[in-house]
Amino acid sequence: MSINLTGSNEDVEATDALAREGSDDDQMSRGSLAMAWYGVASAFFFVYIGAAMAIAYGTVDALIGIALSVVVYGVINAVLSRYAINNRTTVAAFSRTILGNAGSAIAMIIFALIAIYYAVFEGSLVAYAFMAAFGGEMWFWSLVVVVGTTPLIIGGVRRFLDKINGILLPIYFFGLIAAVVWATVQYGYNPDWATHAPEASLPFASGGPGWLATFSGYMGVWILMMYTMDYAALGKRKDTRFHQVFTFGPFFYLVAFAFSAVVGIILTFTIPGTEASETGIVGGVVNLMGFLGLIVVIATQTRINTANYYLGAANLRAFGEKVFRLRMPNLAWVLLSSLIIYLLMLLPVVQYILIALAWQGVLVTAWVAIALTHVLMGRGRGQEHAGIGDERYRAVNANGLIAWAVATVIGIGMLQFGALNPELAGIGSTWGPILTAVSAALVYALLWKTNPTSRTGLIPVVGA
């Protein structure tokens, strides 16, 4: 039965009432969705970034910043996941509301490219681990990684992600614990991991204090908020509270951020010669544990890359269909995305991770701040189900695009502080993400009040 969505944007909830009455039987169960999502927690990036922050700002300040990140991530994603579950709203669908059809296309391609970039980055670490264990050429092991990962998402996220991530979860969790125990037994316990502090604390004028710089650093992966919406759209409404707290809420970030950071810090201070970098920690684990270490690396990175491959292909397809009217089977989009990933893996992507995080962080942070502001100011009213067709939306929504543009200019401007004066680099890196988010929220909230006709990208009359 087709659904005819009609009405005006004054009573938008009525326009998608029929869609909301649909059964949730085709949605993922709470266990399956949780297992699929928890694959994201196993990125070695989280192990590395915690160690890097501890070395730069001191362990105590790093852990304070991480704790604050856990709370903020948990709160924001509780809000966004509830909206996504209630409306089956992905990033692509929600972007139509805040940015309009043309703006949503920009959001799609940014999301697709970032997901593909992370797939390249995390996949390169697995290829590096293979090369460290068996020798050979990077191009060959990169091909092995791509060929091995692609089949895991063929057939759709619902079929494979929960199964593969459920199988690999114990290997990830207990593997990292085993690495810590192994390193401690072999090299002895080093208490410096818990007490390390830089010779001088980072002053406010240089982007400090350290806990704030750490918190700002973790804002570079606010892309997880967008990941959350695309995954939460697969959930059942009756499981909303469970997903808000356990799947997408603070508990997840205790595992992804806090647990991983502590592991990374201990390994960096325990294994001699280990650098606080992803390749350094990966090499340290493989050299320490041999074949078992290789298994841990493969398990952890395969888990996170199921998410990256899925979201990269899904958003690439959404962009291609919206902008170029390309209609191809899911398999074709998956293979195209995997081909792009492999070609990019032949480049030295790992060397540019911090630069890439900074630039994409500006665009993503602004989008998340606008999305959160929209949901909160709506106070549960005017929510738009993803079942409303693209033809019901105008090309651009001025409120969202203006807020996004202003915040992006501010964020990119802050990133240039270091180029203008190296002494200001800390100010730019710490305050850039924060001011980006604040400015996006404030500008959007102001436009919400002063320009109420653009509170949604829906055309003034739907289906008239």
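Note that the coordinates shown come from a computational prediction; the quantities given were computed from them, not determined experimentally.

Novice: Quick rundown of the environment of Val-47? Include the residues and the values.
Specialist: Within the secondary structure, Val-47 sits in helix 4 (residues 44-57). Measuring from C-alpha to C-alpha, the distance between Val-47 and Leu-267 comes to 9.4 Å, with 220 residues separating the pair along the chain. Not counting residues within four places of it along the chain, the set of residues in contact with Val-47 comprises Leu-176, Ser-260, Gly-264 and Ile-281.

Novice: Break down the confidence of the model for the protein chain for me, citing the residues and quoting the values.
Specialist: With 89% of its residues at a pLDDT of 70 or more, the protein chain has an overall mean of 86. Note on residues 1-15: pLDDT is under 50 here. Beyond four places in sequence and across chains, it has 35 contacts.

Novice: Lay out the packing of aromatic side chains in plain terms, naming residues and giving numbers.
Specialist: Counted under the stated rule, the structure contains 30 aromatic pairs. Measuring from ring centre to ring centre gives 5.1 Å for Tyr-83 and Phe-94, while their planes differ by 80°; the resulting arrangement is edge-to-face. Remark: Phe-94 occurs in helix 6 (residues 91-134) and Tyr-83 occurs in helix 5 (residues 59-87); sequence separation between them is 11 residues. Pair check on accessibility: Tyr-83 and Phe-94 agree, each one buried. Considering the side-chain rings of Tyr-172 and Phe-259, the 6.4 Å spacing of their centres and the 80° angle between planes classify their relative orientation as edge-to-face. Separated by 87 residues along the polypeptide, Tyr-172 in helix 8 (residues 157-187) and Phe-259 in helix 13 (residues 250-270) bring together distant segments of the chain. Note on Tyr-172: relative accessible area 1%, which makes it buried. We note Arg-30 situated over the ring of Phe-242; from NZ or CZ to the ring centre the distance is 4.5 Å.

Novice: With reference to specific residues and values, describe the packing of helix 6 against helix 16 (residues 330-345).
Specialist: One way to put it is that helix 6 packs onto helix 16 with a least axis distance of 9 Å and a crossing angle of 55°. In terms of orientation, helix 6 lies oblique with respect to helix 16. Here helix 6 and helix 16 pass one another in a crossing that is right-handed. Packed against helix 6, whose contacting residues are Ile-116, Ala-119, Val-120, Gly-123, Ser-124 and Ala-127, the element helix 16 presents Ser-337, Ile-340, Ile-341, Leu-344 and Met-345 at the interface. For the contact of helix 6 with helix 16, the residue count by class is 8 nonpolar, 3 polar and no charged.

Novice: Which residues make up a nonpolar patch on the surface, and what values do they have?
Specialist: Side chains of Trp-139, Phe-140, Leu-143, Val-144, Val-147, Leu-336, Leu-339, Leu-343 and Leu-346 sit close together on the surface and give an oily, nonpolar patch of about 780 Å² of accessible area. A per-element tally of the nonpolar patch places helix 7 (residues 138-149) first, with 5 residues. Along the polypeptide, Leu-339 turns up in helix 16. Accessibility expressed as a relative area gives 47% for Leu-339, which makes it partly exposed.

Novice: Any chance you could break down the pattern of salt bridges for me, citing the residues and the numbers?
Specialist: For the structure on display, the rule yields 9 salt bridges. Where Asp-390 meets Lys-322, a salt bridge forms, and the shortest distance between an N and an O atom there is 2.9 Å. In this pair, Asp-390 sits in the loop between helix 17 (353-378) and helix 18 (398-415) while Lys-322 sits in helix 15 (residues 291-323), placing the two residues 68 residues apart along the sequence. A relative accessible area of 33% places Asp-390 in the partly exposed class. Note on Lys-322: relative accessible area 13%, which makes it buried. Taken together, the shared-partner salt bridges in this structure form one network comprising Asp-24, Asp-26, Arg-88 and Arg-237.

Novice: Describe the side chain of Asn-101, and please don't skip the residues or the numbers.
Specialist: Note that Asn-101 resides in helix 6. For Asn-101, a relative accessible area of 15% corresponds to the buried category. Once residues lying within four places of it in the same chain are set aside, the contact partners of Asn-101 are Arg-96, Lys-322, Asp-390, Tyr-393, Arg-394 and Ala-395.

Novice: Could you give an account of helix 15, with specific residues and numbers?
Specialist: Taking 1.5 Å of rise per residue, the 33 residues of helix 15 would be expected to cover 48 Å, and the 46 Å separating its terminal C-alpha atoms lies within 8% of that figure. Maximal helix bending in helix 15 amounts to about 25°, located at Asn-305. Trailing helix 15 by a residue or two, Arg-325 shows a phi angle of about 55°, which is positive.

Novice: Which residues make up the nonpolar core, and what values go with them?
Specialist: One broad trend across soluble globular proteins is that nonpolar side chains are buried collectively. In terms of nonpolar packing, the biggest core is built from 122 residues, with Trp-37, Trp-222, Tyr-227, Tyr-231, Phe-257, Leu-267 and Trp-367 touching the most fellow members. If you tally residues by element for this core, the top one is helix 6, at 20 residues. Residue contacts for Trp-37: discarding those within four places in its chain leaves Leu-224, Tyr-227, Thr-228, Tyr-231, Thr-247, Phe-248, Phe-252 and Tyr-253.

Novice: Describe the packing of helix 3 (residues 30-37) against helix 11 (residues 223-232), naming the residues involved and giving the relevant values.
Specialist: Relative to each other, helix 3 and helix 11 sit at 155°, their axes nearing to 11 Å. With respect to each other, helix 3 and helix 11 are oriented roughly antiparallel. Remark: the crossing between helix 3 and helix 11 carries right-handed chirality. Of the residues in helix 11, those in contact with Leu-33, Ala-36 and Trp-37 of helix 3 are Leu-224, Tyr-227, Thr-228 and Tyr-231. When grouped by side-chain class, the residues that make up the contact of helix 3 with helix 11 number 6 nonpolar, 1 polar and no charged.

Novice: Requested: an account of the environment of Trp-141, with residues and values cited.
Specialist: Within the secondary structure, Trp-141 sits in helix 7. The class for Trp-141 is buried, based on a relative accessible area of 13%. Dropping the residues within four chain positions of it, Trp-141 is found in contact with Ala-127, Phe-130, Met-131, Phe-134, Gly-135 and Gly-136.

Novice: Which residues make up the side chain of Asn-87, and what values go with them?
Specialist: Topologically, Asn-87 is positioned in helix 5. Take Asn-87: its relative accessible area is 0%, and that puts it in the buried class. At a separation of 2.8 Å, a polar atom in the side chain of Asn-87 contacts the side chain of Gln-383.

Thresholds applied
- Residues numbered from 1 in each chain as written.
- Predicted model: local features only at pLDDT ≥ 70, side-chain atom pairs only at ≥ 80, totals over all residues.
- Heavy atoms only, no water.
- Helix = DSSP H or I, 4+ residues; strand = E, 2+ residues; numbered from the N terminus.
- Contact = heavy atoms within 4.5 Å.
- pLDDT = per-residue confidence, 0-100.
- Phe/Tyr/Trp six-rings, centres within 6.5 Å; stacked < 30°, edge-to-face > 60°.
- Buried < 20%, exposed > 50% of the residue type's maximum accessible area, 1.4 Å probe, protein only.
- Lys NZ or Arg CZ within 6 Å of the ring centre and 35° of its normal.
- Axes fitted to C-alpha atoms, helices over the stretch in contact; angles between N-to-C directions.
- Parallel < 35°, antiparallel > 145°, perpendicular 65-115°, else oblique.
- Left-handed = near helix turned anticlockwise from the far one by under 90°.
- Nonpolar A, V, L, I, M, F, W, Y, C, P; charged D, E, K, R; others polar.
- Patch = residues over 30% accessible without salt bridge, like charges linked within 9 Å, V, L, I, M, F, W, Y side chains within 5 Å.
- Areas by Shrake-Rupley, 256 points an atom, 1.4 Å probe, with all protein chains shown as cover.
- Salt bridge = Lys/Arg side-chain N within 4 Å of Asp/Glu carboxyl O.
- Expected span 1.5 Å × (residues − 1).
- Bend = angle between axes of the 7 residues up to and from the residue.
- Core = buried A, V, L, I, M, F, W, Y, C linked by side-chain atoms within 4.5 Å.
- Polar contact = N/O pair within 3.5 Å; in protein donor to acceptor, adjacent residues only side chain to side chain.

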